[in-house]
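# Structural description and commentary
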Amino acid sequence: MTQPTVHRVVATAAAEEFIRLLSEQHGPLMFFQSGGCCDGSSPMCYVLGEFSISDTDVLLGTLCGQPFYMGAEQFGYWKHTQLIIDVVAGMGGMFSLDNGSGKRFLTRSRLFSDEEYMQLV
């Protein structure tokens, strides 16, 4: 029997619907998990290529086919955690495509079980 695939980042149904809407409006997208500063720790959504990814950024996975990244230092703290991207009412990050839509992306999380984490390493 095949083990289920464990993902570092997943989206709720509401977030998937919002991602599809934004990609219809803007084309291919990319996400970067903000680590603080101006927009707190919000998942930021950009048109693909409009945010510079460095060699130290980590590709956590994809949401609806759109890549999702996090900085390596932040990943060191979150590597045992699954990010669950949701969408709620509110204002998005200043530079994120969700800004001004009346909705914003929100990161929820849960710790991986030991068994799940072993599938990732």
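Below, the structure is looked at part by part.

Thresholds, definitions, all that
- Residues numbered from 1 in each chain as written.
- Predicted model: local features only at pLDDT ≥ 70, side-chain atom pairs only at ≥ 80, totals over all residues.
- Heavy atoms only, no water.
- Core = buried A, V, L, I, M, F, W, Y, C linked by side-chain atoms within 4.5 Å.
- Buried < 20%, exposed > 50% of the residue type's maximum accessible area, 1.4 Å probe, protein only.
- Helix = DSSP H or I, 4+ residues; strand = E, 2+ residues; numbered from the N terminus.
- Contact = heavy atoms within 4.5 Å.
- Pairing = 2+ DSSP bridges.
- Axes fitted to C-alpha atoms, helices over the stretch in contact; angles between N-to-C directions.

Moving on, we come to the nonpolar core. Grouped together as the largest cluster of nonpolar side chains are 18 residues, with contacts concentrated most on Val9, Leu60, Leu63, Phe68, Leu83, Ile85 and Phe105. The set of elements that each furnish at least two residues to this core consists of β1 (9-11), α1 (13-26), β2 (29-33), β4 (57-63), β5 (66-71) and β6 (81-89). Take this core: its biggest share by element is four residues, from α1. Residues in contact with Val9, not counting those within four places in the same chain, are Leu60, Gly61, Thr62, Leu63, Phe68, Leu83 and Ile85. Residues Met30, Phe32, Met44 and Tyr69 belong to the second largest nonpolar core, which totals five residues.

Taken in spatial order, the four strands line up as β3-β2-β5-β4 in an open sheet, and their pairing is mixed. Looking along the sheet, the strands with just one partner apiece sit at the ends: β3 (43-47) and β4. Strand after strand, the sheet turns through a mean of 25° between neighbouring axes, direction not considered. Two strands pair when backbone bridges link them, and β2 and β5 are joined in this way by three bridges, in the parallel orientation. Along β5, the bridge assignment pairs Gln33 with Met70. Seen against the sheet, α1 touches β2, β3, β4 and β5 and runs at an angle of roughly 125° to β2.

The next subject is unusual backbone geometry. For Cys64, which is not glycine, the phi dihedral falls at a positive 50°. With respect to the element layout, Cys64 can be found in the loop between β4 and β5.

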